[in-house]
Each structure stands twice: as structure tokens, then as C-alpha cells.
Amino acid sequence: TALACIFQCFFCQRIQQSRNSSRASPELSEECPAEMVKMTKSKTFQAYLPNCHRTYSCVHCRAHLANHDELISKSFQGSQGRAYLFNSVVNVGCGPAEERVLLTGLHAVADIYCENCKTTLGWKYEHAFESSQKYKEGKFIIELAHMIKDNGWE
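In the annotation of an unreviewed UniProt entry, the entry for the protein chain reads Protein yippee-like, and the organism field reads Canis lupus familiaris. Its UniProt record gives the protein chain a comment under Sequence similarities (unreviewed entry), which states: "Belongs to the yippee family."

Structure (C-alpha cells):
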């Protein structure tokens, strides 16, 4: 419900405030810019995104992949159809970088895969050779064929 989400978001904010004052909370990841990723060793996945936020998950194993707030664009094309560009992702591994000619020119990209089920999801832009494409560097493409919407989309 909306009230539960508001309460959980308030709870997330309280954890963040507590973390900023003590700088000693191991439950939160250092990698997420919003610092809203809960880390746990007792569960299957490496990172769990907060339940009160809209998230994208791997269609094959349901591992969390990205928070909707990290979505940059829905206007990308992957090798298997439409794809989304994200600022940051979780539970994703990265292969070696290689140069590829994509629709927007030459890029150095690395395939990304789900850390849980090892399915290739898309790629990470390591380097853009054209100045107009530099905004993509360090960003992630995930193909729609490999992800589903989770939490709070109704």
C-alpha cells in the first residue's frame, strides 16, 4: 500500500541519516549512489533493492537489477529488441570490454550478465569514441527481454 511505502521510505531515510552520523552501517552498499541497497549474506542475491521502490528484476531468476530511479532512457535498441539505459545496476557481472560498432557509432562495451543465473542481460558502455556519445560511458543497457517490473507498479 502507499502508506507502507511511505513508512518504508521514511525508514530508509532514517537508516541513511544514521549511517551518515555513524559511518558504520554494514547493511547498506557503498556502490549505490542513493545508498538504498541492502546487503546480506544470508540470501541468494548479492543485493536487494528496497521493497517500497519500483524495481526491475531478472526475468529468469528474479534477482533485482535496478531501481526505477536509475532509469535514464527507454529509447535504446539491444541485440534482441528494445532496451533501457540505466545509471547503475546491482547483481550484475561484467565481461571483458571490446570495441563494437553500434547504431550510434563505435563504442567499447562489456557484456553484462546476471550474477545469479549467468544470463547475458545487455552491456556496459566503457568508452564512447564520438563526443556526442560520451554521456553513455559507465552506463548500462539491459534488454527488455531479460527483465521484469517488480514492486509498486500497480
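*Asks:* Quick one: what's the story with the overall build of the protein chain, residue by residue and with numbers?
*Replies:* From N to C terminus, the protein chain includes one helix and eleven strands. Along the protein chain, helices and strands appear, N-terminal first, in the series α-β-β-β-β-β-β-β-β-β-β-β. In the protein chain, buried positions account for 42% of the 154 residues. Long-range pairs, those at least 24 residues apart, make up 44% of the contacts in the protein chain between residues at least 6 apart in sequence.

*Asks:* Pulling in residues and values, what's your account of the packing of aromatic side chains?
*Replies:* Inspection of the entire model under this criterion finds four aromatic pairs. Taken together, a centroid distance of 5.9 Å and an interplanar angle of 85° make the contact between Tyr-56 and Tyr-84 edge-to-face. One end of the pair, Tyr-56, is in strand E3 (residues 55-58); the other, Tyr-84, is in strand E6 (residues 81-86), with 28 residues separating them in the sequence. For Tyr-84, a relative accessible area of 7% translates into the label buried.

*Asks:* Describe a positive patch on the surface, naming the residues involved and giving the relevant values.
*Replies:* A cluster of basic residues, Arg-54, Lys-74, Arg-82 and Lys-149, forms a positive patch on the protein surface. The residue Arg-82 is located in strand E6 in this model. On the accessibility criterion, Arg-82 (47% relative accessible area) is partly exposed.

*Asks:* So what's going on with the pairing of E3? Residues and values would help.
*Replies:* For E3 and strand E4 (residues 64-67), the ladder comprises three bridges, and the chain directions are antiparallel. Residue pairing for E4: Thr-55 is matched across the bridge by Asn-67. Between the antiparallel neighbours E3 and E4 lie five residues, among them Arg-62 with a positive phi of about 70°. As judged from the four bridges shared by E3 and strand E11 (residues 147-150), these two strands associate in the antiparallel manner. Bridged to Cys-58 within E11 is Met-147.

*Asks:* Can you break down the side chain of His-107 residue by residue, with the values?
*Replies:* Along the chain, His-107 falls in strand E8 (residues 105-114). Residue class for His-107 comes out buried when judged on its relative accessible area of 1%. Within polar-contact distance, the side chain of His-107 engages the backbone oxygen of Gly-105 at 2.9 Å.

*Asks:* Give me the lowdown on the nonpolar core, citing residues and values where you can.
*Replies:* Residues Cys-58, Phe-86, Leu-121, Ile-142 and Met-147 are the most contacted members of the largest nonpolar core, which totals 16 residues. If you list the elements that add at least two residues to this core, you get E3, E4, E6, E8 and strand E10 (140-143). Dropping the residues within four chain positions of it, Cys-58 is found in contact with Ala-63, Leu-65, Cys-114, Cys-117, Leu-121, His-146 and Ile-148. Phe-76, Leu-85, Val-109 and Trp-123 belong to the second largest nonpolar core, which has seven residues in total.

*Asks:* I'd like a rundown of the sheet that holds E8, residues and numbers included.
*Replies:* Across the sheet, which stays open at both edges, the six strands sit in the order E5-E6-E10-E9-E8-E7 with antiparallel pairing between neighbours. Looking at which strands have only one partner, the edges of the open sheet turn out to be strand E5 (71-78) and strand E7 (92-102). Across the sheet, the mean angle separating the axes of adjacent strands is 30° when strand polarity is ignored. Where E7 lies against E8, nine bridges are found, and the strand directions are antiparallel. Pairing of Glu-98 across the sheet is with Val-109, part of E8.

Definitions and cut-offs
- Residues numbered from 1 in each chain as written.
- Predicted model: local features only at pLDDT ≥ 70, side-chain atom pairs only at ≥ 80, totals over all residues.
- Heavy atoms only, no water.
- UniProt positions renumbered as here; feature names shortened; annotations may be inferred.
- Helix = DSSP H or I, 4+ residues; strand = E, 2+ residues; numbered from the N terminus.
- Buried < 20%, exposed > 50% of the residue type's maximum accessible area, 1.4 Å probe, protein only.
- Contact = heavy atoms within 4.5 Å.
- Phe/Tyr/Trp six-rings, centres within 6.5 Å; stacked < 30°, edge-to-face > 60°.
- Patch = residues over 30% accessible without salt bridge, like charges linked within 9 Å, V, L, I, M, F, W, Y side chains within 5 Å.
- Areas by Shrake-Rupley, 256 points an atom, 1.4 Å probe, with all protein chains shown as cover.
- Salt bridge = Lys/Arg side-chain N within 4 Å of Asp/Glu carboxyl O.
- Lys, Arg positive; Asp, Glu negative; His and termini not counted.
- Charge placed at Lys NZ, Arg CZ, Asp CG, Glu CD.
- Pairing = 2+ DSSP bridges.
- Polar contact = N/O pair within 3.5 Å; in protein donor to acceptor, adjacent residues only side chain to side chain.
- Core = buried A, V, L, I, M, F, W, Y, C linked by side-chain atoms within 4.5 Å.
- Axes fitted to C-alpha atoms, helices over the stretch in contact; angles between N-to-C directions.

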